[in-house]
Amino acid sequence: MQYGHFREDGKEYIIDNVATPTPWINYISNGRYFSTISNNGGGISYYKNPLHGRITRYRINDVLSDRPGKYVYIKDKETQQIWSLTWQPVGRNQESYRVAHGFGYTRVEALIEEIASSLLFFVPIEDDQEIWKINLTNHSTKPRKLSIYGYVEFALGHALVDLINQCDDQHFNRVYFDKKLNSLFATKTYWVTESRGTQQQENKEWDQWTFFTANLPITHFETMRERFLGPYRTENNPIAIEKDAFSSLDTDFGNTVGALQLDIELEPGKSKDIIFSLGVIPKTEFQQRKEKAVTKYHLLEPVEQAFSNVLTNWDKIFKKIVIDTPDSNANLFMNYWSPYQALVAFEVGRVASYYYWGISRGFGFRDTAQDVIAITISNSVKARERVLLLARQMFSDGHVYHHFYADGKGETTQHCDDPVWFILAVTEYLKESGDFELLKQTEPFLDRKSGTILDHLYAVVNFIAHNLGAHHLPIFGRGDWNDTLDYIGGDDGGESVWGGMFYVTLLNTLIELLDFLKIYEKIDEIRQLSKKIRESLNAHCWDGEWYIRAFGAKNRKIGSKENKAGKIFINTQTWAVLGEIAERERLIQALDSVHKHLDTTYGPKICAPAFREIDPTIGLVTRCVAGKKENGGIFCHPASWLIQAECRLGRGNQAFTYYQKLLPNVVDSDIFQVEPYVYSQYITSDEHDFPGRASHSWQTGSAAWMFRISIDYILGVRPTYMGLLVDPAIPSTWPKFQIERVFRGTRYIIAVENPKHVEHGIESVLVDGQKIEGNIIPISKNEVCQVQVTMG
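Analysis parameters
Residues numbered from 1 in each chain as written. Predicted model: local features only at pLDDT ≥ 70, side-chain atom pairs only at ≥ 80, totals over all residues. Heavy atoms only, no water. Helix = DSSP H or I, 4+ residues; strand = E, 2+ residues; numbered from the N terminus. Buried < 20%, exposed > 50% of the residue type's maximum accessible area, 1.4 Å probe, protein only. Contact = heavy atoms within 4.5 Å. Areas by Shrake-Rupley, 256 points an atom, 1.4 Å probe, with all protein chains shown as cover. Phe/Tyr/Trp six-rings, centres within 6.5 Å; stacked < 30°, edge-to-face > 60°. Pairing = 2+ DSSP bridges. Salt bridge = Lys/Arg side-chain N within 4 Å of Asp/Glu carboxyl O. Core = buried A, V, L, I, M, F, W, Y, C linked by side-chain atoms within 4.5 Å. Expected span 1.5 Å × (residues − 1). Arc of directions from axis to C-beta. Axes fitted to C-alpha atoms, helices over the stretch in contact; angles between N-to-C directions. Parallel < 35°, antiparallel > 145°, perpendicular 65-115°, else oblique. Left-handed = near helix turned anticlockwise from the far one by under 90°. Nonpolar A, V, L, I, M, F, W, Y, C, P; charged D, E, K, R; others polar. Lys, Arg positive; Asp, Glu negative; His and termini not counted. Disulfide = S-S within 2.5 Å.

Student: Explain the overall build of the protein chain to me, please; I cannot follow it from the model alone.
Tutor: Counting secondary structure elements, the protein chain contains 19 helices and 41 strands. In terms of principal-axis extent, the alpha carbons of the protein chain reach across some 80 × 60 × 55 Å. The 792 residues of the protein chain split such that 63% are buried. Counting contacts in the protein chain only where the partners sit at least 6 residues apart, residues at least 24 apart contribute 67% of the total. Approximately 29,100 Å² of the protein chain is accessible, and the part contributed by carbon and sulfur atoms is 48%.

As structure tokens, this is what we get:
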């Protein structure tokens, strides 16, 4: 609370103290055009892909950090005072700034030199550009002559080449000013589409023109960074503003920028709207589209309508699920911030943030498959498209690209889990949508054969069957879900115990689908495969109080009480429950061991004790500092599966205790460091000197899983092929809760009463006043369906 708070209705996070421990960012996007914006104006802009379509620069590990960004400077012509509308880069009076991050927009307000300002950033749904809408009000008693400057630093195309080959790459930049259109245009005559840093010359030019424009006459402009900043200067004190030294020259080389100067006079008590817009136009459509593209938002009315459309779009999304529980903090995240983060991660593909610069990899197969669960409720069309995209990353034998780009390029690795996540994506989509025709859709395999989506599912089964080792468990390869267990087994390959549990869980999920559709051609084969793995898990992997994590070279156990470090891992306890690997008593023992050995003040650790000696026969995890990331850190993604597992065992009190610990806003921000309104990849544990410090926020699988687990398992309302299952696992102190959920075109209003204060169990279910057997609400054809549930 020392830096900010949620607005009363939960729809904005308001930052009152802008000197946050790290940049606290937001995303503004329409799914094609993406922009990040921090509380102090830093961030990047890109079109479709942050590697190949980078519009603006963002310097890695820079000092000062969070530079450059999207900056608006003000200069009082009479006093020569200069300030920026965000606290950085030339902010005055830190306490005068206030930032509000909302859904699809960020607004910055300030009062400096008796000039009140409001700066709104957003991206219109229909157009590939970002709007900077500014309102200035003169609170002084005299007229003010002000110069307003909009500023960005261009990248123009391939972000990695721009970073590592600047000495040559900058010779292909072109920036010119079009006086008639009051706009600056920029492009690059050279472009690389490889995903790696390369000297390969593809004989291409960037396929976009960038434009930077304003609604008022541009009096001066600058196109080169060196001329704008000046020698030995930064964005803090640009010489062009200080000395009124804009060159107003086009450029055909160099570190290019867009700097636009506007001049206004503002009478006492009067206000003025200024609109900057930054966007892209495909070169193939440049001549016919450029005038409309750059001038559309020169008028206030279309700007306000476009912003209203953004708000309406997010309201529609949030109305798909509406939660009311006795816990107001949980309500904030379940209703708004968890689905918001999950949908942002889905659109971004987890490749661009303050921590991920969008230059090292494309979409992750497993990441993308898991992120599908974030979108199925709100946008089944996008979920379907993403499932088909995943299918196109698969070879006919079932193995897949580990990372891939939408243009068809990718890389294979030897991870044992990647293809199997496809089953999750397909079945979650089908449960939500009922679109079983998907299984008949034909998509190509990467080795140029084609097959239906059902054929792709069978290919995954083939992969599983041919990737088992000596214990009939998955051959580890270069990792499973945990990428840092990458050298377990050496030349022997090692075996993943978690991978075995994962295989069983997803094979059984596929069996459930085939059984429902009465597709029996391979079902017995799949059942036998699942059974063989499950039996091996119980015969070889129980360590007395928990399941081990892996077998290494020469049958060495990892994650065993025999080990000095890494005695117990969270994933093999939680997925034992999710896959129903053993009888209930053993599963309870496994989760109790997690609570005993892994739980901390800030949440459950991924493993313990942390590794403190490098072990090349295990891998990267042992090279990481103890208490961070996969080496004994609190990894939020697998922690979400612990919550799910506790719910599956009906232990609602313990599940919600873990859930509350992991909410981003419960830790002092000076300790937590990152945004308190979104989940992070991990939190430093008690095995490090600085516990409670989070990192890698926004782009994490925690987003989708925390969103869906809170709805599907804590509140217990989740889709099945036959209808909505109601199976809450809640704190016994809750007397009631309500959830509204849209499912296959019907809004279900589900009121749950808990008169006996139990944490799990259903006594009765009434659907539109009629009692039903069991706890699956049948698929309704009505617009609204009223459901009363009594726990007991």
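Student: How should the packing of aromatic side chains be read in this particular structure?
Tutor: What describes a pair of aromatic rings is the distance from one ring centre to the other and the angle between the planes of the rings. Per the counting criterion, the structure on display carries 59 aromatic pairs. With a centroid separation of 4.7 Å and 50° between ring planes, the pair formed by phenylalanine 103 and tryptophan 337 is classed as tilted. Here tryptophan 337 lies in helix 7 (residues 328–348) and phenylalanine 103 lies in the loop between strand 9 (97–102) and strand 10 (105–112), a separation of 234 residues in the sequence. A relative accessible area of 0% places tryptophan 337 in the buried class.

Student: What is the right way to read the pairing of strand 38 (residues 762–767) from this model?
Tutor: Along a regular strand, successive side chains alternate from one face of the sheet to the other. Two elements, strand 38 and strand 41 (residues 784–791), share 5 bridges in a ladder whose sense is antiparallel. Residue valine 767 lies in a different strand from strand 41, and its bridge partner there is valine 787. Relative to strand 39 (residues 770–771), strand 38 runs antiparallel, the two being bridged by 2 bridges. Within strand 39, the position partnered with leucine 766 by the bridge is lysine 771. Hairpin connection of strand 38 to strand 39: 2 residues between the antiparallel strands, including aspartate 768 at a positive phi of 50°.

Student: Sorry if this is basic, but what is going on with the environment of glycine 398 here?
Tutor: Within the element layout of this structure, glycine 398 appears in the loop between helix 9 (380–391) and strand 22 (403–404). Along the chain, glycine 398 and aspartate 455 lie 57 residues apart, while their C-alpha atoms are 9.7 Å from each other. In this structure, glycine 398 is in contact with Pro419, Ala459, Val460 and Phe463, ignoring residues within four places of it in sequence.

Student: Whenever I open this one, the environment of phenylalanine 422 confuses me. Can you help?
Tutor: Along the chain, phenylalanine 422 turns up in helix 10 (residues 421–433). For phenylalanine 422, a relative accessible area of 0% translates into the label buried. C-alpha separation for the pair phenylalanine 422 and glutamine 370, spaced 52 residues apart in sequence, amounts to 8.6 Å. Once residues lying within four places of it in the same chain are set aside, the contact partners of phenylalanine 422 are Phe365, Ala369, Val387, Leu390, Ala391, Met394, Ile453, His456, Leu457 and Val460.

Student: When you look at the pattern of salt bridges in this model, what are you seeing that I'm missing?
Tutor: Once their charged atoms are close, side chains differing in charge can pair, the charge on each being opposite to the other. All told, the structure shown has 56 salt bridges when counted by the stated rule. Its salt-bridge partner being aspartate 483, residue arginine 366 comes within 3.2 Å of it at the nearest N-O pair. Of this pair, arginine 366 sits in helix 8 (residues 365–375) while aspartate 483 sits in the loop between helix 11 (453–465) and strand 26 (495–496), and the two are 117 residues apart along the sequence. For arginine 366, a relative accessible area of 6% puts it in the buried group. Here arginine 384 ties to aspartate 435 by a salt bridge, and the two come within 2.7 Å at their closest N and O atoms. You can see arginine 384 sitting in helix 9 and its partner aspartate 435 sitting in the loop between helix 10 and strand 24 (442–444), a full 51 residues away along the chain. Overall, arginine 384 belongs to the partly exposed group, its relative accessible area being 21%. One network of salt bridges, in which partners are shared, links Arg57, Arg59, Arg67, Glu153, Asp162, Arg225, Glu226 and Glu235.

Student: Sorry if this is basic, but what is going on with the nonpolar core here?
Tutor: Counting 242 residues, the largest nonpolar core has Leu136, Phe276, Trp421, Phe422, Ile533, Ile643 and Tyr659 as the members making the most contacts within it. For tyrosine 659, the residues in contact, after removing those within four places along its chain, are Ala330, Phe333, Met334, Ile643, Tyr679, Ser710 and Ile714.

Student: What exactly am I supposed to notice about helix 11 here?
Tutor: A turn of α-helix holds 3.6 residues, and therefore any two residues three or four places apart point the same way. Taking 1.5 Å per residue, 13 residues should reach 18 Å; helix 11 reaches 19 Å between its end C-alpha atoms and fits that length. When you tally the buried positions in helix 11, you get 10 out of 13 residues, the bulk of the element. Taken together, the buried positions of helix 11 are Ile453, Leu454, His456, Leu457, Tyr458, Ala459, Val460, Val461, Phe463 and Ile464. Packed against the buried residues of helix 11 are helix 9, helix 10, strand 24, strand 25 (450–452), helix 12 (497–517) and helix 13 (523–540).

Student: Is there a simple way to think about the sheet that holds strand 23 (residues 410–411) in this case?
Tutor: Read from one edge to the other, the open sheet built from 3 strands follows the order 21-22-23, with strand pairing classed as antiparallel. Every interior strand has two partners, whereas the edge strands, strand 21 (363–364) and strand 23, have only one.

Student: Looking at this structure, I do not really get the sheet that holds strand 37 (residues 746–753). What am I missing?
Tutor: Strands in a sheet are paired, the pairing made by backbone hydrogen bonds, and the direction either parallel or antiparallel. Pairing in this open sheet of 6 strands is mixed, and the strands run 20-36-37-41-38-39 from one edge to the other. Taken across any chain shown, the strands that pair with only one partner, and hence form the sheet edges, are strand 20 (321–324) and strand 39.

Student: Looking at this structure, how should I read helix 6 (residues 300–318)?
Tutor: The first and last C-alpha atoms of helix 6 sit 27 Å apart over 19 residues, in line with the 27 Å expected at 1.5 Å per residue. Where helix 6 is concerned, the buried positions are Val303, Ala306, Phe307, Val310, Trp314, Ile317 and Phe318. Take helix 6 and look down its axis: the buried residues cluster within an arc of 120°, on one side only. Counted as exposed and oriented over 90 degrees from the buried face of helix 6: Glu301 and Lys316. Buried residues in helix 6 make contact with strand 10, strand 11 (115–122), strand 12 (129–138), strand 19 (271–282), strand 20 and helix 7.

Student: Quick question: what am I supposed to make of the packing of helix 8 against helix 9 here?
Tutor: Packing of helix 8 against helix 9 brings their axes to within 9 Å, and their N-to-C directions diverge by 165°. Classified by the interaxial angle, the pair formed by helix 8 and helix 9 is roughly antiparallel. Where helix 8 crosses over helix 9, the two elements pack in a sense that is left-handed. Contacts from Phe365, Thr368, Ala369, Val372 and Ile375 of helix 8 reach helix 9 at Ser380, Lys382, Ala383, Arg386, Val387 and Leu390. A breakdown of the residues in the contact of helix 8 with helix 9 according to their chemical character gives 7 nonpolar, 2 polar and 2 charged.

Student: When you look at the packing of helix 11 against helix 13 in this model, what are you seeing that I'm missing?
Tutor: Pairs of packed helices are described in terms of their axes, by the angle between the two and the distance that separates them. Where helix 11 meets helix 13, the axes come as close as 11 Å, and the angle between the chain directions of the two elements is 35°. For the crossing formed where helix 11 meets helix 13, the hand is left-handed. Contacts between helix 11 and helix 13 involve Tyr458, Val461, Ile464 and Ala465 from the former and Ile526, Leu529 and Ile533 from the latter. In terms of residue class, the contact of helix 11 with helix 13 is built from 7 nonpolar, no polar and no charged.

Student: What am I meant to see in the side chain of aspartate 327 here?
Tutor: Structurally, aspartate 327 is set in the loop between strand 20 and helix 7. Of the side chains with opposite charge, lysine 661 comes closest to the buried, unpaired aspartate 327, at an N-O distance of 14 Å.

Student: Explain the pairing of strand 10 to me, please; I cannot follow it from the model alone.
Tutor: Where burial is concerned, most of strand 10 is hidden: 6 out of the 8 residues are buried. Here strand 9 folds back onto strand 10, and the loop between the two strands holds 2 residues, one of which, glycine 104, carries a positive phi near 85°. As paired elements, strand 10 and strand 11 share 8 bridges and run antiparallel to each other. Pairing of isoleucine 112 across the sheet is with isoleucine 115, part of strand 11.

Student: How do you make sense of the state of the cysteines when you look at a structure like this?
Tutor: Covalently bonding the sulfur atom of one cysteine to the sulfur atom of another cysteine gives a disulfide. Counting across every chain of the model gives 0 disulfides. Residue cysteine 647 stays outside any disulfide, its sulfur separated by 17 Å from that of cysteine 636, the closest cysteine.

Student: What is the right way to look at unusual backbone geometry in this model?
Tutor: For residues besides glycine, phi is generally negative; the peptide bonds are generally trans as well. Across the junction of arginine 67 and proline 68, the peptide omega takes the value -20°, indicating a cis bond. Note on placement: proline 68 falls in the loop between strand 6 (54–56) and strand 7 (71–76). For the peptide bond that leads from alanine 608 to proline 609, omega is -15°, which places it in the cis range. By secondary structure assignment, the location of proline 609 is in the loop between strand 30 (607–608) and strand 31 (634–635). Unlike most non-glycine residues, arginine 448 shows phi in positive territory, near 75°. Tracing the backbone through its elements, the reader meets arginine 448 in the loop between strand 24 and strand 25. In this structure arginine 448 comes out as exposed when scored by relative accessible area, which is 78%. With phi around 50°, arginine 744 is a residue other than glycine that occupies positive phi space. Within the secondary structure layout, arginine 744 lies in the loop between strand 36 (736–743) and strand 37.

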